[in-house]
Amino acid sequence: MRTLFGLLTFLSLALGQAGPQIYQQNCAFCHGDNGQGRPGAFPPLAAHASELVKTPEGRTHLINAVLFGMQGPVRVKGITYNGVMPAFAQLSDDQIATVLNYILNAWGNDKLLPRDHRPITASEVSSARNVADKPTPQQIGGIRSRINVP
């Protein structure tokens, strides 16, 4: 059991080191260096991604948004954002899991995660990537508009 815990700790540290770089290279331009978002266009990830992952569909939504992109208005904390998020399917399953786990643990999001939260895995990303009917960015935006988060 200790060996497994040690391995998981090592992997989480390794993922944590890569997460900031992947975020800076792919996400920060739109969502900001500190996950604060861009008014009117791109919603914040700070104090928001952790709220999404608490919902039954939020975990899948986060993975799909990164994989396939998202388009359509999104309300976050009473503000509407209407930017277009490109797909990042060129990133590997590991990179997508790593950056999502970084986002879910950065900027105080870690303190807002549910107690039973488990890290997103490359296997989950692979399963989402390999669905027969890939969702469009508009479909993902429509799904997001129905997820009830503050």
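Relevant structure appears above.
Residues numbered from 1 in each chain as written. Predicted model: local features only at pLDDT ≥ 70, side-chain atom pairs only at ≥ 80, totals over all residues. Heavy atoms only, no water.

Running from N to C, helix 4 (residues 58–68) and helix 7 (residues 137–146) cross one another at 155 degrees; their axes reach a closest spacing of 10 Å. By the criterion of interaxial angle, the relationship of helix 4 to helix 7 is roughly antiparallel. You can see that helix 4 and helix 7 cross each other, and the crossing is left-handed. Residues His61, Asn64, Ala65 and Phe68 of helix 4 form the contact with helix 7, whose own contacting residues are Pro137, Ile140 and Arg144. Among the residues making up the contact of helix 4 with helix 7, the classes are represented as 4 nonpolar, 2 polar and 1 charged. (Axes fitted to C-alpha atoms, helices over the stretch in contact; angles between N-to-C directions. Helix = DSSP H or I, 4+ residues; strand = E, 2+ residues; numbered from the N terminus. Parallel < 35°, antiparallel > 145°, perpendicular 65-115°, else oblique. Left-handed = near helix turned anticlockwise from the far one by under 90°. Contact = heavy atoms within 4.5 Å. Nonpolar A, V, L, I, M, F, W, Y, C, P; charged D, E, K, R; others polar.)

Moving on, we get to the packing of helix 5 (residues 93–105) against helix 6 (residues 122–129). Packing of helix 5 against helix 6 brings their axes to within 8 Å, and their N-to-C directions diverge by 120 degrees. In this structure, helix 5 crosses over helix 6, and the sense of that crossing is right-handed. Where helix 5 abuts helix 6, its residues Asp93, Asp94, Ile96 and Ala97 lie against Ala122, Val125, Ser126 and Arg129. Here the contact of helix 5 with helix 6 is composed, by residue class, of 4 nonpolar, 1 polar and 3 charged.

On to the pattern of salt bridges. Counted under the stated rule, the structure contains 4 salt bridges. In this structure, Glu51 engages Lys54 in a salt bridge whose closest nitrogen and oxygen atoms are separated by 3.2 Å. Taking relative accessible area as the criterion, Glu51 reaches 19% and is therefore assigned buried. The class for Lys54 is partly exposed, based on a relative accessible area of 42%. (Salt bridge = Lys/Arg side-chain N within 4 Å of Asp/Glu carboxyl O. Buried < 20%, exposed > 50% of the residue type's maximum accessible area, 1.4 Å probe, protein only.)

It is worth spelling out the side chain of His61 at this point. By the secondary structure assignment, His61 is in helix 4. Taking the relative accessible area as the measure of exposure, His61 reaches 6% and is therefore buried. Sequence-distant contacts of His61, defined by excluding residues within four places in its chain, comprise Leu52, Met70, Ile140, Arg144 and Ile147.

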